Every structure is written in C-alpha cells, then in structure tokens.
Amino acid sequence: MSIPAVLSSLSVTLAATTSTANPFLWYVTRAAAVSAYVTLSATVILGLLRSLARVSRLRNTRAIWLLDELHPYLAVLTVAFVVFHLLSLIFDPLIPFSLLNLALPLDQPYRPLPVDLGVLALYGLLVVWLSSWMKRRIAYASWRTLHYTSFIAFLLVTLHGIFAGSDSAEPWMILLYLGISGAVGILVLARIFWPAPQPTSASRVVASRRSR
Ligand code: HEM
C-alpha cells in the first residue's frame, strides 16, 4: 500500500471516529450547565428573599437562618457545576474548545456570540465570588456594589443558555427559563418598590446620641 493511500485511509478512519465519537462528555456539558443554571438561579432568588426579609424586618429567625445558610451553600455548588461545564467542554473531542476560548470572548468554535455571553457571565460571577470571599477584608459598601454584578451575570447566563444550548427548544427547558426569569423579575420589582424600613426607636436614640 502506498503512503498516500495509507494517509487517506487514516483520515477516513479519523473522520469516522470523530463523527461517531462518544457523546458522553457533551451530555455532561449540558447536564452540568443546566444544574449550574438551577443552582445559580436559586442563589439569586434566596439572596433577593434575604434582602426582602431585611427590609420588611421579618422576625422569623429560623427562616432567616435557613436563607443565610442556603444562599452561600448554593453559590459554592454553582462554582462546582460551572467547573464541570467548562472541564467537559475542554476534554470533549467533538468541538475543540481551548483554555483561551474559555478565558476570552474571541474566536469561539461553536455559536460564537452566545458562547461569548457565557464568557462575560463567567467574568461577572468571578467578581461576585471573589468579592464575597474577601467580604471581611473590603468595605461593606464596596462588597454590596460588587454583589450587584450578580444580576448582570444572571441575565448574561440566561441569554447564553437560551441561545447556545441544545436543550433550549425542549418544553421542560422553556418552562425552566420562563419560571426562573419570572420569579427573579417579580422579586427584583418587589425589592425595588418595597418601602424603606422606618427607623426603630432604638436606632433613633443611637442616632440622636451620635449627633450630640
Ligand atoms: C467560559 C464560559 C462558558 C463557555 C465557554 C460556555 C459554553 C457553552 C456551550 C458551548 C454551550 C452549548 C452546550 C449545548 O449544546 O447545550 C453552553 C450551554 C449552556 N451553558 Fe455555558 N458556557 C460558559 C459559561 C456558563 C456559565 C457560567 C453558566 C451558568 C452558570 C452556563 C450555563 C449554560 C447553560 C444553562 C447552557 C444551556 C444547556 C442546555 O441547553 O442543555 N455557561 N455553554
């Protein structure tokens, strides 16, 4: 057999291997992505509920304790699912994603614009995760401002999922996107229009002592 014939049979074999490659990692990418979206959304929803509990001066200590415990726990779980989502993309031979593709919103090998939104969402999430990790070392006002990035990241992830995902047209995924976006939208509006808490008599005494 001549060398060109060997090379051509090799390339035919390689092409066949690629087209029938095991889609296992592609399923992992999608499962991790949907799990990350669910835990991220739950984190955002619990954060908004915690904020509403504060401005409405909710006294149920058990509910507040639960919100304070679950909110950071789900945030850490989201980090784990995002890592899975990205690692499976890197190791999946079906579409060649490089580390650079994950780090920079440039030259994507698949649905470029929606995937770039995922990269930008990742930047936003990194700002929120890192600032929360450093919360005790930075001013409260700075942490709070940086924490608002989570809304931009949530919006970017939602658009990224809808336009990059293979499951976007599935009825269960449409329900998930609509249900989650609706819940977040309603809670954001409730938080914006919730009347600011009136100062209590104790806080008025402290304020008047400070002004003397
Ligand atoms: C460097 C950043 C990212 C890259 C390169 C990336 C890449 C991708 C790709 C290629 C897909 C299409 C997979 C498919 O066919 O379904 C996808 C889908 C998706 N990604 Fe990302 N992603 C990134 C960040 C994120 C983050 C941070 C989240 C969530 C926290 C996320 C959530 C999703 C969701 C929900 C889908 C739709 C899954 C489906 O429809 O089954 N992605 N991403």
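Residues numbered from 1 in each chain as written. Predicted model: local features only at pLDDT ≥ 70, side-chain atom pairs only at ≥ 80, totals over all residues.

Details of the overall build of the chain
For clarity, the cut-off: Note on conventions: DSSP H or I runs of at least 4 residues are helices, E runs of at least 2 residues are strands, and numbering of each starts at the N terminus.
Secondary structure assignment for the chain yields nine helices and zero strands. In the chain, the succession of α and β elements from N to C terminus is α-α-α-α-α-α-α-α-α.

A look at the site of the ligand
Put simply, the rule is: Think of it this way: take the backbone, place a C-beta atom on it, and check whether that atom is within 6 Å of the molecule or strand, in which case the residue is near it.
Taken together, 28 residues lie near the ligand, and Ala33, Gly118, Gly161, Gly165 and Asp167 sit nearest. Those elements that provide at least two residues to the shell around the ligand are α2 (24-55), α3 (61-91), α5 (112-133) and α7 (149-164). At seven residues, α2 tops the list of elements feeding residues into the shell around the ligand.

So, the nonpolar core
Stated precisely, the cut-off is as follows: Nonpolar cores are built from buried Ala, Val, Leu, Ile, Met, Phe, Trp, Tyr and Cys residues. These are joined into a set through C-beta atoms within 7 Å. Backbone-placed C-beta atoms define the burial measure: a residue is buried with 20 or more other C-beta atoms within 10 Å of its own, exposed with 12 or fewer, and partly exposed in between. Once C-beta atoms are placed from the backbone, any two residues with those atoms within 7 Å are in contact.
Grouped together as the largest cluster of nonpolar side chains are 21 residues, with contacts concentrated most on Ala36, Leu40, Ala121, Ala153 and Val157. For this core, the secondary-structure elements that each account for two or more residues are α2, α3, α5 and α7. In terms of residue count, α2 provides more of this core than any other element does, nine residues in total. Once residues lying within four places of it in the same chain are set aside, the contact partners of Val157 are Tyr37, Leu40 and Ala121.

Focus on the environment of Ala33
Note that Ala33 resides in helix α2. C-beta crowding within 10 Å serves as the criterion here: with 25 such atoms nearby, Ala33 is assigned to the buried category. Residue contacts for Ala33: discarding those within four places in its chain leaves His85, Gly161 and Gly165.

Let's talk about unusual backbone geometry
Unlike most non-glycine residues, Arg57 shows phi in positive territory, near 50°. Structurally, Arg57 can be placed in the loop between α2 and α3. One non-glycine residue, Asp107, lies in the positive phi region at around 55°. Along the chain, the position of Asp107 falls in the loop between α4 (99-103) and α5. Taking the number of C-beta atoms within 10 Å as the measure of exposure, Asp107 has 10 and is therefore exposed.

Concerning the confidence of the model for the chain
Just so we agree on the cut-off: The pLDDT value tells you how sure the predictor is about a given residue, anywhere from 0 up to 100.
In this model, the chain carries an average pLDDT of 88, and 83% of its residues clear a pLDDT of 70 or more. Confidence over residues 1-19 falls short of pLDDT 50; this stretch has two contacts with residues more than four positions distant or in other chains.

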